[in-house]
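Results of the structural survey
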Amino acid sequence: MAEYKSTVNLPETAFAMKADLARREPALQTWWEEKNIYAQQRALGKGRPRFVLHDGPPYANGAIHIGHAANKILKDMIVKSRALDGFDSPYIPGWDCHGLPIELQVEKKHGRPGQKLDARAFRAACRAYALEQIDLQRRDFKRLGVLGDWDKPYLTLDPLYEAQQIRALAKLIRNGHLYKGAKPVYWCIDCRSALAEAEVEYEDKTSQAIDVAVEVVDAGALAHRVVLQSPLPPDASVAIPIWTTTPWTLPANEAVSLHPQFEYQLLQVRSGEAVSPRLLVLAAGLKEAALARMGLTEVRSLASFEGRVLDLLPLRHPFQPREVPVILGEHVTLDAGTGAVHTAPAHGQEDYVAGSRYKLPVNNPVDGGGRFFPATPLVGGMKLEEGGKLIIETLRASGHLLHHEPLRHSYPHCWRHHAPLIFRATPQWFISMDAAGLRKDALRDIPGVKWTPAWGEQRIASMIETRPDWCISRQRTWGVPITLFVHKETGLWHPRTLELIEEVAQRVEQGGIDAWFDLEAASLLGAEADEYEKVTDVMDVWADSGLSFECVAHLRSELVGPVDLYLEGSDQHRGWFHSSLLMSEALNSRAPYKGVLTHGFVVDDKGRKMSKSLGNVIAPDKVMATLGADVLRLWVAATEYTSEMSVSDEILRRMSDSYRRMRNTVRFLLGNLHGFDPAQHLLAPDALVGLDAWAIASTAALQEEVTAAYRDYQFHAIYQKVHNFCVLDLGGFYLEITKDRLYTTPADSLPRRSAQTAMYHILQSMTRWLAPILSFTAEEIWQQIPGRSADSVFLTTWYDLPATPAPSLDWTALIALRGEVNKELEKLREAGSIGAPLDAELDIYCLPDAYPRFAALGDELRFITITSAARVHQVTTGLAEAVPVFAGAAGASNSGVWLKVSVSEAAKCVRCWHRRPTVGTVLQHPELCERCVGNITGHPEIRRYA
């Protein structure tokens, strides 16, 4: 064989078999930056239709985790695929830079503002910390292969952004959405600040559940309102029991709520054998459970009535010398308790709403640090937990405590401190959901947004329907200020507020938020300064990010909205999607986005959250340093992202195996394009061998599916289709068949150039399909493609595949035949009769209808089946009579086809390895078959089909 080796066209390529991604990827990233590929992409995009994905800003605090990686990779796949689809698709990354988490990090080093640093220096330290975190996160996001305007991201701490956010405050006022009110808000004692709903998490907590008897002032007055079935017992008192898990809120009790339509009963009860002189009013639907809990039994029911008949009935506060009324509220349920709800408007949103209809006072006895104000009766100066214990003992001593037990239940906690929250009424700034139609407008526009997955629409709509007014003020140091001057006596903002806000915004553009905090009121208000108070609250950070559509569009014209897509995790229906929608409706009366895509949380292969204590954390930097970023990107693409995204070391290893199979397919294509110049050697479609035309047509059909899947964000479908194409259509069929032609026909022969033409078209297409997902690998492939049309694959669009003539063969039947032949060959191999398929010969027996499908190929059928011979026989007699003709044949799944494989007795050609009877028939080449002799002596074979 040595003398014929030079006549065989073996693959040759610089595209390595070993990916070595951890080493190659950083070099490609550097090359992208040196070539400024993103800027070139933007230049090419000018004049094209625009597709804008607006980046939801990650928080500038801490190293990126696997959830960050999944999020940024999904965004990158969409942006890159849209650019390949012919759109101008900019990507401007952003960061959320204000807020408590950054303050807490600075406090660890410097203490609270005023301890080691004054407020101005503290803000400077926060700014420096945020910028440091941004640099670290930006490095890792770029290492993931994400292309974007990394040198000019949007930052919420940018003075220009802050100034535009302040201008948005003026728009909120102008449009009638902002007001100040003392309403209950989520309050974190550790943060010493109000929290937004999106900053609340629910965790289990043990509370002290108590039933408390709230006495009716005049039992006779109650008796006059209901129809008594028998007179009240002499000297009987009446109480309406309430059930609560927050005893510490009882000092703020202003009423007891009943449901207007529920049935209530006036019950005589006993404890043990003794009949109680106290009658109880309980909801009929809860009385059995309530009495059992209290250790009481019913003696008789004296009356049944609807809750509405007791409206405004006076009650005695259980331990304070004052009266409180019965009020009616639809918020009362029969889920638990007694059917009567302790109502403290200062400590609950539903309580506040119910109380506001009755003009109840909103008296908050609790300070920001979680203590009762000193003047609070009974518990003044105490911590809430201490006060709650004293309240319980006081109720027990007075006989008002009917039951007490610990209760484990789900309770709102601060997402930063994981500390239980309280509801606390304080003067805060709110965006009203209803005063100027904000809720109505948002609900109107939600159906016009394309929600992926579709359930996102109902999820956010239900949240908007029920959400309270948005508290946007925070009592913090590091944030964008609420730049208002409020009259010290009337509480009204200055009549020139809109004009003053613009003046402040101009100063903030130059000096950042310190321009407000350093501002002397007199410099703007002159002689009026003493009459007004400068607001020191800052805006909720969800207002910062929720206004990004407004602030970034002001800075970057390419992001003027509404943008095409927002993409974040499923928690953002109550976070960024939510705040952005409300802000956009409040400012512009429209949604900020045309589409919203949601991905699930990243969990391990057992469905558990990532946790250091569980040892299941997958750190992106470690994956990139070992397997490479492209393996991480492939995992994201292969995962059904709309539900929880499972990842583990084992899952990533499987992804690495899949990556390797695709890489090896590409390497084979590149290796066999050695010496191919498309400018000289590309064949016209009508000159192609039939199998090559089929391969191009199959690629074109798959490209339609792939591009459609990219447009629908179905990345897992793309992974499956492209992986199967590499492994089955190419690796398992086309490439296996074309090896013989590529290796053994002359280098410049039509059969070989035909195969190379098809491979060139396939590679041009597939490299682009892979680019949004396997970005580094696609670029590495692109640099090896002969005659490439651009510096980078990211400066191209989907490949324009040539149209091929209609096939003259039934390729579906031939593929099926190949699969059936392989099964029969495997039987011979397992028996030890053959080593390779070319050691065998094939006989195919067909009924008349099937015969033409296979006979049309003539001798070329053997190249399809990869056997040394393939003979087709037509069976014209009935099956029973025909059995002797093809004894030993196996029925194929194709109806009317039987296969018989046998060991070839012919000699083996040392050059093509086929066993042919023509081996040795040419004296000059006694080890070659006749075909190979022609291929090396200038008389190349002709291939029409395979």
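Residues numbered from 1 in each chain as written. Predicted model: local features only at pLDDT ≥ 70, side-chain atom pairs only at ≥ 80, totals over all residues. Heavy atoms only, no water.

The subject of this paragraph is the overall build of the protein chain. Tallying secondary structure elements over the protein chain gives 31 helices and 31 strands in all. The globule rule puts the C-alpha radius of gyration for 946 residues at 30 Å, and the 39 Å found for the protein chain is more than 25% above it. Projected onto the principal axes, the alpha-carbon positions of the protein chain cover approximately 130 × 75 × 45 Å. Within the protein chain, the proportion of its 946 residues that are buried is 58%. Across the protein chain, the fraction of contacts at a sequence separation of at least 24, relative to all contacts at a separation of at least 6, is 78%. With an accessible surface of roughly 38,200 Å², the protein chain has 52% of that area assigned to carbon and sulfur atoms. When the 101 basic and 114 acidic side-chain charges of the protein chain are each reduced to a single mean position, those positions are 3 Å apart. (Helix = DSSP H or I, 4+ residues; strand = E, 2+ residues; numbered from the N terminus. Rg over C-alpha atoms; globule rule 2.2 N^0.38 Å. Buried < 20%, exposed > 50% of the residue type's maximum accessible area, 1.4 Å probe, protein only. Contact = heavy atoms within 4.5 Å. Areas by Shrake-Rupley, 256 points an atom, 1.4 Å probe, with all protein chains shown as cover. Lys, Arg positive; Asp, Glu negative; His and termini not counted. Charge placed at Lys NZ, Arg CZ, Asp CG, Glu CD.)

Okay, helix α13 (residues 497-511) next. Here α13 is 15 residues long and its end C-alpha atoms lie 20 Å apart, about the 21 Å a rise of 1.5 Å per residue gives. Those residues of α13 lying buried are T497, L500, I501, V504, A505 and V508. When α13 is viewed along its axis, its buried side chains cluster within an angular range of 145° and face the same direction. Buried positions along α13 lie against α6 (159-174), β21 (485-487), α14 (514-517) and α15 (522-525). (Expected span 1.5 Å × (residues − 1). Arc of directions from axis to C-beta.)

This part is about the layout of surface pockets. The computed volume of the second largest pocket comes to approximately 1,000 Å³. Lining the second largest pocket are 33 residues, and of these T245, T246, V341, E350 and D351 sit closest to its centre. Going through the elements one at a time, β7 (237-244), β15 (340-343), α9 (349-357), β16 (401-414) and β17 (422-431) are the ones with two or more residues in the lining of the second largest pocket. The element contributing the most residues to the lining of the second largest pocket is β16, with five residues. Class assignment for the residues of the lining of the second largest pocket results in 15 nonpolar, 15 polar and three charged. (1 Å grid on protein atoms, 1.4 Å probe; cavity = no way out; pocket = protein on both sides within 12 Å on 5 of 7 lines; lining within 4 Å. Points joined across faces, edges and corners; volume = space filled by probe spheres on them. Nonpolar A, V, L, I, M, F, W, Y, C, P; charged D, E, K, R; others polar.)

Let's shift gears to the environment of A121. Note that A121 resides in helix α5 (residues 119-143). Residues A121 and E273 lie 152 residues apart in sequence; the distance between their C-alpha atoms is 71 Å.

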